[in-house]
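# Tertiary structure, described
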Amino acid sequence: YTASTAATEAEPQACGYNTSKAGLCGLMRSVAQDGGEYNVTSNAVLPGWVKTEMADRSAKAEAEARGRTPEEIWKERAALYPAKRVLTPEEVAHTILFLASEESSGISGESIRVSGGCP
């Protein structure tokens, strides 16, 4: 499952989004419990800010509401991370690929943050 760090660290003004991502984590844990006897693993990846079309729309809306530019919003988001940059879709995909591989067969029921060290 692809959830979000919003599952554990709620974003302001995003009740529906936060709740849906927390719900995915609950579903993931249930599937891990129920599927374990069939060797089914179930995990959730919780990305932080990732430069995607959806996140770009969010940055534009936030910029408009705050009288800023989308670029300023992205700079603010990047400043949250120790490396001072947001994640790429590829960084999240690498984690998902690992979890889908046989090498991760012992990992189940976990919410794995892919957040570049952002708390």
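As shown above, the structure is provided for reference.
Small disclaimer: the values here were computed from a predicted structure and weren't measured.

Once that is clear, we can look at the overall build of the protein. Each helix and strand in the protein was counted, giving four helices and two strands. Within the protein, counting contacts between residues at least 6 apart in sequence, those at least 24 apart form 61% of the total. Surface summary for the protein: the accessible area is close to 7,400 Å², and the carbon and sulfur share equals 56%. Averaging the coordinates of the 12 positive side-chain charges in the protein and doing the same for the 16 negative ones gives two points 8 Å apart.

A separate point is the pattern of salt bridges. Counted under the stated rule, the structure contains seven salt bridges. Glutamate 62 serves as the salt-bridge partner of arginine 66, at 2.8 Å between the closest nitrogen and oxygen. Of the two residues, arginine 66 and glutamate 62 are both situated in helix H2 (residues 53-66); the distance of four residues between them amounts to about one turn of the helix. Judged by relative accessible area, which is 39%, arginine 66 ranks as partly exposed. Its salt-bridge partner being glutamate 76, residue arginine 66 comes within 2.7 Å of it at the nearest N-O pair. In this pair, arginine 66 sits in helix H2 while glutamate 76 sits in helix H3 (residues 70-79), placing the two residues 10 residues apart along the sequence.

Right, let's get into the packing of aromatic side chains. Within this structure, the stated rule accounts for one aromatic pair. Between tryptophan 49 and tryptophan 74, the aromatic rings sit 6.2 Å apart at their centres with planes inclined by 80°, giving edge-to-face as the arrangement. Pair noted here: tryptophan 49 is in the loop between strand E1 (44-47) and H2 and tryptophan 74 is in helix H3, with a separation of 25 residues, a long-range link. The cationic tip of arginine 77 hangs over the ring face of tryptophan 49; the distance from NZ or CZ to the ring centre is 3.5 Å. The ring of tryptophan 74 carries arginine 77 above its face, with NZ or CZ at 4.8 Å from the centroid.

Right, let's get into the packing of H2 against H3. Where H2 contacts H3, the two axes come as close as 8 Å, and the packing angle between them is 110°. Comparing the axis directions of H2 and H3 gives the class roughly perpendicular. Listed contacts from H3 to Ala55, Asp56, Ser58, Ala59, Lys60, Glu62, Ala63 and Arg66 of H2 are Pro70, Ile73, Trp74, Glu76 and Arg77.

Another aspect to go through is the nonpolar core. Here is a general trend for soluble globular proteins: nonpolar side chains tend to be buried in one another's company. If you look at the biggest cluster of nonpolar residues, it comprises 10 residues: Trp49, Ala55, Ala59, Ala63, Ile73, Trp74, Ala78, Tyr81, Val86 and Cys118. Of all elements in the fold, only H2 and H3 reach the threshold of two or more residues within this core. Look past the residues within four positions of valine 86 in its chain and what remains in contact with it is Trp49, Lys51, Trp74, Arg77, Ala78, Tyr81 and Glu91.

This part takes up H3. Within H3 the residues assigned to the buried category are Ile73, Trp74, Arg77 and Ala78. Around the axis of H3, the buried residues are gathered within 140° of arc, so they sit on the same side. For H3, the secondary structure elements touched by its buried residues are H2.

What counts, and where the lines are drawn
- Residues numbered from 1 in each chain as written.
- Predicted model: local features only at pLDDT ≥ 70, side-chain atom pairs only at ≥ 80, totals over all residues.
- Heavy atoms only, no water.
- Helix = DSSP H or I, 4+ residues; strand = E, 2+ residues; numbered from the N terminus.
- Contact = heavy atoms within 4.5 Å.
- Areas by Shrake-Rupley, 256 points an atom, 1.4 Å probe, with all protein chains shown as cover.
- Lys, Arg positive; Asp, Glu negative; His and termini not counted.
- Charge placed at Lys NZ, Arg CZ, Asp CG, Glu CD.
- Salt bridge = Lys/Arg side-chain N within 4 Å of Asp/Glu carboxyl O.
- Buried < 20%, exposed > 50% of the residue type's maximum accessible area, 1.4 Å probe, protein only.
- Phe/Tyr/Trp six-rings, centres within 6.5 Å; stacked < 30°, edge-to-face > 60°.
- Lys NZ or Arg CZ within 6 Å of the ring centre and 35° of its normal.
- Axes fitted to C-alpha atoms, helices over the stretch in contact; angles between N-to-C directions.
- Parallel < 35°, antiparallel > 145°, perpendicular 65-115°, else oblique.
- Core = buried A, V, L, I, M, F, W, Y, C linked by side-chain atoms within 4.5 Å.
- Arc of directions from axis to C-beta.

Scope: geometric values only; no functional claims are made or implied.
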